[in-house]
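Listed below, chain by chain, are the residues.
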Amino acid sequence: MKLYYAPQTRALRPLIMLEELAVPYEIVLIDFKGGEHKGAEYRKIHPHGQLPALQDGTLTMFESAAICAYLADKFPDKRMAPALGTLDRGMYYQWMFYAVAALEASRLESERIKECFLVLDRVIDGHEFIVGNMITAADVMIGSGLIWLDARHHLLNDFPALDAYAKRMLARPSFQRAFAPPAETA
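Residues numbered from 1 in each chain as written. Predicted model: local features only at pLDDT ≥ 70, side-chain atom pairs only at ≥ 80, totals over all residues. Heavy atoms only, no water.

Caption draft 1: Quick look at the pairing of strand E4 (residues 59-62). Here strand E3 (residues 53-56) runs beside E4; their pairing, made up of four bridges, is antiparallel. By the bridge assignment, glutamine 55 is partnered in E4 with threonine 60. The antiparallel hairpin formed by E3 and E4 contains two residues in its connecting segment, where glycine 57 sits at a positive phi of about 65°. (Pairing = 2+ DSSP bridges. Helix = DSSP H or I, 4+ residues; strand = E, 2+ residues; numbered from the N terminus.)

Caption draft 2: Here's a closer look at the sheet that holds E3. Judged by pairing direction, the sheet is mixed, and its four strands sit side by side in the order E2-E1-E3-E4 without closing on themselves. The open sheet has two edge strands with one neighbour each: strand E2 (26-29) and E4. With direction set aside, neighbouring strand axes in the sheet form an average angle of 20°. In this fold helix H1 (residues 12-21) packs onto strand E1 (2-5) and E2, with an angle of close to 145° to the strand it touches most, E1. Each of E3 and E4 touches helix H3 (residues 64-74); the most contacted strand, E4, lies at about 135° to it. (Axes fitted to C-alpha atoms, helices over the stretch in contact; angles between N-to-C directions. Contact = heavy atoms within 4.5 Å.)

Caption draft 3: How the structure looks around the packing of helix H4 (residues 87-103) against helix H6 (residues 137-153). Across the interface, H4 lies against H6 with an axial gap of 8 Å and an inter-helix angle of 25°. Judged by the angle between their axes, H4 and H6 are roughly parallel. In this structure, H4 meets H6 at a crossing whose hand is left-handed. Between H4 and H6, the residues in contact are Tyr92, Trp95, Met96, Tyr98, Ala99, Val100 and Leu103 and Ala137, Ala138, Met141, Ile142, Gly145, Leu146 and Leu149, respectively. Looking at the contact of H4 with H6, its residues break down into 13 nonpolar, one polar and no charged. (Parallel < 35°, antiparallel > 145°, perpendicular 65-115°, else oblique. Left-handed = near helix turned anticlockwise from the far one by under 90°. Nonpolar A, V, L, I, M, F, W, Y, C, P; charged D, E, K, R; others polar.)

Caption draft 4: Focus on a nonpolar patch on the surface. Residues Leu84, Tyr93 and Phe97 make up a contiguous nonpolar surface patch of about 370 Å² in total accessible area. If you trace the backbone, phenylalanine 97 turns up in helix H4. (Patch = residues over 30% accessible without salt bridge, like charges linked within 9 Å, V, L, I, M, F, W, Y side chains within 5 Å. Areas by Shrake-Rupley, 256 points an atom, 1.4 Å probe, with all protein chains shown as cover. Salt bridge = Lys/Arg side-chain N within 4 Å of Asp/Glu carboxyl O.)

Caption draft 5: View of the packing of aromatic side chains. In total, this model carries four aromatic pairs according to the counting rule given. For the pair tyrosine 4 and tyrosine 42, a centre-to-centre distance of 5.8 Å together with 55° between the ring planes defines the contact as tilted. Of this pair, tyrosine 4 sits in strand E1 while tyrosine 42 sits in helix H2 (residues 40-43); the two residues are 38 residues apart in sequence, bridging distant segments of the chain. Each member of the pair, tyrosine 4 as well as tyrosine 42, carries the same accessibility label: buried. With centroids separated by 5.7 Å and ring planes inclined at 85°, the aromatic side chains of phenylalanine 117 and phenylalanine 159 adopt a geometry described as edge-to-face. You can see phenylalanine 117 sitting in helix H5 (residues 110-124) and its partner phenylalanine 159 sitting in the loop between H6 and helix H7 (160-171), a full 42 residues away along the chain. The pair phenylalanine 117 / phenylalanine 159 is uniform in exposure class, with both members buried. (Phe/Tyr/Trp six-rings, centres within 6.5 Å; stacked < 30°, edge-to-face > 60°. Buried < 20%, exposed > 50% of the residue type's maximum accessible area, 1.4 Å probe, protein only.)

Keep in mind that these numbers describe shape and distance, not what the molecule does.
Here's what the structure looks like:
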């Protein structure tokens, strides 16, 4: 598998996921600042010239949440998604989509971020993970989103349960390796 990646992009999410899964992968570093992502060659991989993209054999896909969900399903033995047909699977889908549709979409509005943080703070209070009793791809999506937003807005201190959750996620080796410089993650 090849992950097309640039630091400080949504490619961080599938990178965390690949690290959490502990499966072989290759990083293809894209010079985002130099505009490589807008070139004709890369647009064959991602038609909008955005990151991330993943190639797995003949499959090429983009959208970080889709890639994370695909990886969770591709490696069911790693248990990064609740079992199909369960109530936890329904909640897993909810939080996967929430990470993009609400949490990430709030990134420019402090009041909206606070609203999302309040919702998540209530959900995570008394729980280690966002769904069930084990880490899932939903934690990769929510956790990375929280860390990214807090680095820019510094609001997590007002949400104790959520702050503790973000710190737990950031303490995981997968998050630490993904947040390390790219040469250290390959």
